[in-house]
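Structural overview for review
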Amino acid sequence: MLGFQLLQTLGAQGVDRLGDWNPQLLREWKGRLKRFPVLAAIGISLLVQGVLMLSSVSMLPGPVVSKDLVVSTYPQFRWDGIAALDSALQPEVTLPDGQTLTLTSSILVERLDQQSPIGGDLAAGEQALQQLQIGDRLIAINGEPVIFNTDDERQQLSFHVNQRITNQLSPISVDSGQGFRDSVELTLLRPDQELFMVSLPRITLTNHHNRYCLYGDSYQGCDVTPDGQFYQIDWRKWYGDGFWAITVAMVFSLMGIGVFLLGSNLAEEKRRGTLNFIRLSPRSAANILAGKLLGVPVCLYLAIALALPLHGFLGLGAGYSIGHGLGLYGAIASQTVVFYLAALLVSLCITHPMLLGLQPWLMAAGVTLFQWIVLVALELPWGLPHIDASGAWLWSVFFSPLVSLAYFAPLTDAAYYEKVVDNLALGLFRINFAEYTVLTVLHAMGWTYLLGQASVRRFRQATRPLLPRALSYGLTLGVMAVLLGLTETDANAYYLDEHLTAIVCLFLVYFTLLTLSLVCDRQTLQDWARFRHTRPKHIRMALWKDLLWGEESSPLLAIALNLLMATILFVGWFFWNYGDRMDTPEALQVFALIVAMAVGSLFFATLASQVVLLLPRKKNGFWFGATSSISAVAFPCLTALLVIAQAEFYPHITTLLGMESELGLFTLTVGLMAMVTTGLGFCHYRQLAISGRSELQHLLKGAS
Amino acid sequence: MGTATAIRTQSLTKRFDRALALRSVDLEIEAGAIYGLIGPNGAGKTTLLRLLAMAESPTVGEIYLNGEKLDSRHPNPRLQRQIGYLPDDFPLYEDLTVWDYLDYFARLYHLQGKARINSIHDVLELVNLPHKRHSLITQLSRGMKQRLGLARTVIHTPTVLLLDEPVSGLDPIARQDFRQAIRNLQGLGITVVISSHVLSDLAELCTAVGILEFGYLVENTSLASLYQKLGQQKLVMGTRGSVADLQAALEPFKTITDIQADPASGQIQAQFSGDADQAAEVLRSLVEARIPLYDFHCTQDSLEEIFVKIGHTQPT
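Residues numbered from 1 in each chain as written. Chains lettered and ligands numbered in written order. Predicted model: local features only at pLDDT ≥ 70, side-chain atom pairs only at ≥ 80, totals over all residues.

Focus: the overall build of chain A
Secondary structure assignment for chain A yields 23 helices and 14 strands. Per-residue burial over chain A gives 34% buried out of 704 residues. The long-range share in chain A, meaning contacts at least 24 apart out of those at least 6 apart in sequence, stands at 74%. (Helix = DSSP H or I, 4+ residues; strand = E, 2+ residues; numbered from the N terminus. Buried ≥ 20, exposed ≤ 12 C-beta atoms within 10 Å, placed from the backbone. Contact = placed C-beta atoms within 7 Å.)

A short note on the overall build of chain B
Helix and strand content of chain B: eleven helices and 14 strands. With the principal axes as the frame, chain B shows a C-alpha extent of 75 × 50 × 45 Å. Split into buried and exposed, the 316 residues of chain B put 41% on the buried side. Considering only contacts within chain B whose residues lie at least 6 apart along the sequence, 68% involve residues at least 24 apart.

Some details on the domain arrangement of chain B
Here the domain parsing of chain B yields domain 1 (1-82 + 158-231 + 301-316), domain 2 (93-150) and domain 3 (232-300). A straight line from the C-alpha centre of domain 2 of chain B to that of domain 3 of chain B covers 54 Å. (Domains from an automatic or database assignment.)

Side note on the pairing of strand 6 (residues 83-86) of chain B
Residues and elements named next belong to chain B. Residues of strand 6 alternate between two faces, with Ile83 and Tyr85 on one and Gly84 and Leu86 on the opposite face, all of them buried. With four bridges joining them, strand 6 and strand 7 (residues 160-164) adopt parallel strand pairing. Bridging across to strand 7, Leu86 finds its partner in Leu163. (Pairing = 2+ DSSP bridges.)

Remarks on the interface of chain B and chain A
The interface is formed by 25 residues belonging to chain B together with 21 residues belonging to chain A. Here the side of chain B that touches chain A is built from residues that sort into eleven nonpolar, five polar and nine charged. (Nonpolar A, V, L, I, M, F, W, Y, C, P; charged D, E, K, R; others polar.)

Some points on helix 5 (residues 142-154) of chain B
Residue and element names in this part refer to chain B. Compared with an ideal rise of 1.5 Å per residue, which puts 13 residues at 18 Å, helix 5 spans 19 Å between its outermost C-alpha atoms and is within 8% of the ideal. When we look at burial in helix 5, the residues that qualify are Gln146, Arg147, Leu148, Gly149, Leu150, Ala151, Arg152, Thr153 and Val154. Those residues of helix 5 that are buried lie in contact with strand 6, helix 3 (98-108), helix 4 (113-126), strand 7 and helix 6 (172-187). (Expected span 1.5 Å × (residues − 1).)

Notes on the domain arrangement of chain A
Residues and elements named next belong to chain A. You can read the domains of chain A as domain 1 (2-59 + 236-458), domain 2 (66-232) and domain 3 (464-701). If you look at the interface, domain 1 gives 14 residues, while domain 3 gives 17 residues. Of the residues contributing to the side of domain 1 that touches domain 3, the split by class is seven nonpolar, five polar and two charged.

Let's talk about the sheet that holds strand 13 (residues 267-272) of chain B
Residue and element names in this part refer to chain B. Taken in spatial order, the four strands line up as 12-13-11-14 in an open sheet, and their pairing is antiparallel. Taken across any chain shown, the strands that pair with only one partner, and hence form the sheet edges, are strand 12 (256-262) and strand 14 (293-300). Here the strands of the sheet are splayed against their neighbours by 15° on average, with no regard to which way each runs. Both strand 11 (residues 233-239) and strand 13 contribute to a ladder of six bridges, which runs antiparallel. Considered in strand 13, the bridge of Leu235 is made with Ala270. In the packing of helix 10 (residues 276-288) onto the sheet, the strands contacted are strand 11, strand 12, strand 13 and strand 14, and the crossing angle to strand 14 comes to about 165°. (Axes fitted to C-alpha atoms, helices over the stretch in contact; angles between N-to-C directions.)

Remarks on the confidence of the model for chain B
Low pLDDT means the predicted coordinates in that region are not meant to be read closely. On average, residues of chain B score 85 in pLDDT, and 96% of them are at 70 or above. Across the interfaces of the predicted complex, the ipTM metric reaches 0.78, alongside a pTM of 0.82. (pLDDT = per-residue confidence, 0-100.)

What to know about the nonpolar core
Membership of the largest hydrophobic core comes to 204 residues, with the highest contact counts inside it found for Val259 and Leu344 of chain A together with Ala151, Leu162, Val192 and Val193 of chain B. If we skip the residues at most four places from it in the chain, Leu344 of chain A touches Leu262, Leu266, Leu289, Lys292, Leu293 and Ser455 of chain A. Core analysis: the next-biggest nonpolar cluster, separate from the first, contains eleven residues, Leu235, Leu250, Ile268 and Phe272 of chain B among them. (Core = buried A, V, L, I, M, F, W, Y, C linked by C-beta atoms within 7 Å.)

Structural notes on the pairing of strand 4 (residues 60-65) of chain B
Residue and element names in this part refer to chain B. Alignment of strand 1 (residues 5-16) against strand 4, held across five bridges, turns out to be antiparallel. Within strand 4, the residue paired with Thr9 across the bridge is Ile63. Linking strand 4 to strand 5 (residues 68-69), which pair antiparallel, is a turn of two residues; within it Asn66 sits at a positive phi near 50°.

With respect to the confidence of the model for chain A
Residues and elements named next belong to chain A. Looking at chain A, pLDDT values average 82 and 88% of them are 70 or higher. Predicted confidence is poor over residues 174-181, with pLDDT under 50, and the contacts of this stretch with residues over four places away or in other chains come to 14 contacts. For residues 381-385, every residue scores under 50 in pLDDT, and the model assigns this stretch nine contacts once sequence neighbours within four places are set aside.

Concerning the packing of helix 3 (residues 35-58) of chain A against helix 7 (residues 235-272) of chain A
All names here are of chain A. Closest axis-to-axis distance for the helix 3/helix 7 pair is 10 Å, and the angle between their directions is 145°. At the point where helix 3 passes helix 7, the crossing takes the right-handed sense. Contact residues: helix 3 offers Val48, Leu52, Met53 and Ser56, while helix 7 offers Trp238, Asp241, Gly242, Ala245, Ile246 and Ala249. A per-class count over the contact of helix 3 with helix 7 returns seven nonpolar, two polar and one charged. (Left-handed = near helix turned anticlockwise from the far one by under 90°.)

Considering the packing of helix 16 (residues 496-518) of chain A against helix 19 (residues 556-578) of chain A
All names here are of chain A. Remark: helix 16 packs on helix 19, axes separated minimally by 11 Å, with the N-to-C direction vectors making an angle of 165°. Here helix 16 is positioned roughly antiparallel relative to helix 19, judged by the angle of their axes. Of the two possible hands of crossing, helix 16 and helix 19 adopt the one that is right-handed. Contacts between helix 16 and helix 19 involve Leu496, Phe507, Leu514, Thr515 and Leu518 from the first element and Ala558, Ile559, Asn562, Ala566 and Tyr578 from the second. Partitioned by chemical class, the residues of the contact of helix 16 with helix 19 number eight nonpolar, two polar and no charged. (Parallel < 35°, antiparallel > 145°, perpendicular 65-115°, else oblique.)

A short note on unusual backbone geometry
Each neighbour pair has its own omega, and for Tyr74 of chain A with Pro75 of chain A the value is -5°, a cis peptide bond. The backbone of Met54 of chain B shows a phi angle near 70°, a positive value even though the residue is not glycine. Within the secondary structure, Met54 of chain B sits in the loop between helix 1 (45-52) and strand 4. Looking at Met54 of chain B, the number of C-beta atoms within 10 Å reads 23, which means it is buried.

A few points about helix 12 (residues 353-377) of chain A
All names here are of chain A. Under the 1.5 Å per step criterion, the end-to-end length of helix 12 is 36 Å for 25 residues, consistent within 8% with the ideal 36 Å. For helix 12, the principal kink sits at Gln359 and spans about 45°; a proline, Pro360, occurs within the next four residues. Along helix 12, the positions that sit buried rather than exposed are Gln359, Pro360, Met363, Ala364, Val367, Gln371 and Val374. At its buried positions, helix 12 is contacted by helix 7 and helix 11 (322-349). (Bend = angle between axes of the 7 residues up to and from the residue.)

Section: the sheet that holds strand 9 (residues 208-213) of chain B
Residues and elements named next belong to chain B. Spatially, 6-7-8-3-9-10 is the arrangement adopted by the six strands of the open sheet, whose pairing is mixed. Pairing within the sheet leaves two strands with one partner each, and these edge strands are strand 6 and strand 10 (216-222). On average, each strand axis in the sheet is tilted by 15° relative to the strand beside it, whichever way the strands run. Of the strand pairs in this sheet, strand 9 and strand 10 are connected by six bridges, and their pairing is antiparallel. Directly across from Leu212, in strand 10, lies its bridge partner Leu217.

Here we look at the environment of Ser87 of chain A
All names here are of chain A. One can find Ser87 in the loop between strand 2 (76-84) and strand 3 (92-94). Judged by C-beta crowding, with 8 C-beta atoms within 10 Å, Ser87 ranks as exposed. Here the alpha-carbon distance between Ser87 and Ser105, two residues 18 residues apart in the chain, equals 9.7 Å.

So, the environment of Leu302 of chain A
Residues and elements named next belong to chain A. In this fold, Leu302 is placed in helix 10 (residues 298-318). Between the C-alpha atom of Leu302 and that of Leu289, which follows or precedes it by 13 residues, the distance is 20 Å. Leu302 has contacts with Val38 and Ala41, leaving out every residue within four places of it along the chain.

Written out as structure tokens, the structure is:
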């Protein structure tokens, strides 16, 4: 109780008030702020910070050592290709064997680098630099004409020329300081001048490379301090990387460990049965769930809070403003709440004893994997700040606080990447960090409202649908608006397939979640069928209203209406953007059949799952899931198989039902699906009718 | 004005799948009563208590608590505070101390400041556990845990207390303690509904009983009426004189039937349908008739005998 006693000592009255406001929070704190967990949280936090800092320090370049040094000249050259010499300029040179040769081509000076030397006659070098200019042509090194005969030499010209120059210099030892008076003489030609000679002093340079070095223009090696003992360090980048590392560790801990703790706590409460007591108390579900959310991961919060001073220090060191930091914390906090609420909701929904044990692990693994995918998709580990997503996929980035890190590229990198960190590309838009933070927080608030509603409903009554049907219609409109709107920002016929894939995949995910949120359990449906007519008239709705707005009736009509709304929006959007592609009746036919197949399959899957739900069998959840999944893909697979079989075995059949054979097969399977759906619909109606019979009717009709 | 009704149900029905666990139960329980729910396993006692506690929603029907309708889908916190529910299997937070556990529930029920502390002290006194207030729950015996459960249930001073098999698994002394605690609660004006298979306890505690069978409430009456209606009284008499004289002296009384005589011991047993005054009248007439009695007492069918006599069966 170390932590809790400390809290009580600090403010007994405050703790008491806190407990009055949220007893669940106080209970969780009392249960968790004990000696061992608190010390463990502090220890782990400090250990992780220590390891990260040690690892960061170990990545610094350290002092200059002799193995990093190379012999070079001052200045250093970068050479261009071999260029032909004008006949008037072609010099005659004498080879070492005494032969005379007329040079028809020479090598151009492309660039002159001035990397700071560790040692050498810098003054002589500066003097040589005065004589040189870009465009000079190299004729000879120490009187030896520069001629390249092999292809390899020509291909890596600059490297080989520089190698020939340094080969003229005797090897040196920096430590002994010997040989610094050596130099090499280059014979150069300038179009408006005679041949001239330049004497280059021999110097030592470092060829050490490190992420945290400051580089001159040459980027050939780290810059060194004036005394030549140490490398010059880009501290902002180092601080920035430390800031990144702690942020990523923070996000993964919050998401992985936090979700695990919440899932595990709810599973434990369910196993013990204590959740029922809390349910029956007069406290609101929101109050209790908030207590869980703030209380269960309290040791994790403590560990993260301990990392905040170092995090802030590194951020300030990297040159980020306090506003940026607060925005980042806002984004992380809001997204964490979304994932925690989702974890609470899933935990409240799972009742199977075997899944109760697995649930925390599965949820934590799922969330961590998602964050990792986002991290990789954003290419953040490589320090490249951009969001590699377009169209509807762009939505996924708002589910990860790691996206914020795109704005936290080290400022030196930001200069390299043309200041993209100021305005991050988001589809067609360019949003700055403030806009990003506001968008993220608003987005998270929307999900918090939805997940909070669903959690509260499920907490109060385990059989209640997660969402009211009235809300589902608005939600579908909103989701379609986001999906199509994001695609619209990048609407390009060239990427049509990609966009459609993104829309279909994300809509499928949404539709699955929506269906799970609207379906009732078997008991509720049976009771609705049996006792609907016994309800007092003043509270009994008309059947169609009951089906569309009620919560205990069959959800099929509501799900169909949601599908219809989504389809209308999608078709409208498609014709708005790609209507010109529908210029033939065949194209329209294909489009209509594809839409009918997709929408029909989804409805068929829902209907089949409802039929299975009302069958008196055990493991209903398993059958519900299996039937839905299989039904959803049954007809598209059948169509594909028929098309393949026709092409394989009956290639001579080119028309079917007066259409192309593939189109004819498509039409046939859509027709078949319509028939089976109608049959299944009738079957479902019969199930409800039988469920609606009284005991006496059951006895009389012999049905059970 | 008659006594106020604490709980009233109207056509209360609950289905599990297609099986009816409760069938149109119309129940009325007077305020301040200790109401016993009796019935074989699966008769619907626990379901009825769960519905009253708002732990389940009825399929059909309505429940009124002190005249106000309960709605488990949209529970009214004010009404929730009037209910205390102790289910058959009540799990506890084993990692908490007795005090912290009660403190947590007191806060859940909006008890604040001194009121909360006094309430915790009171319920600990009530269930005789003040000496254990700093003990971890895991260290308590089963009987103590049962009493702690009761303390938790009454910490917010509910007007209605619902107890499902509260004494199952307790030893006789623990049961006695528990009964005493229930009596104390009744003294505070709390209406208590108990479901139990230990009918002797119910007979000792209850002022009214309801008998459930196959989800039907087959009896809902005061204990006295039940005894009168279904229970049988016997007069047991012994004489040192002639058994035939005694038998003859009893013949004028219409309340006495089915006389069985044992001449060897001089004992007579007879069914008696009168009340205490009528029994006294019988005794007076026998004394006046100079029958040399050495024994005269009246026995009553126990609640268990009445229950068995009704012929309950386990639902299948």
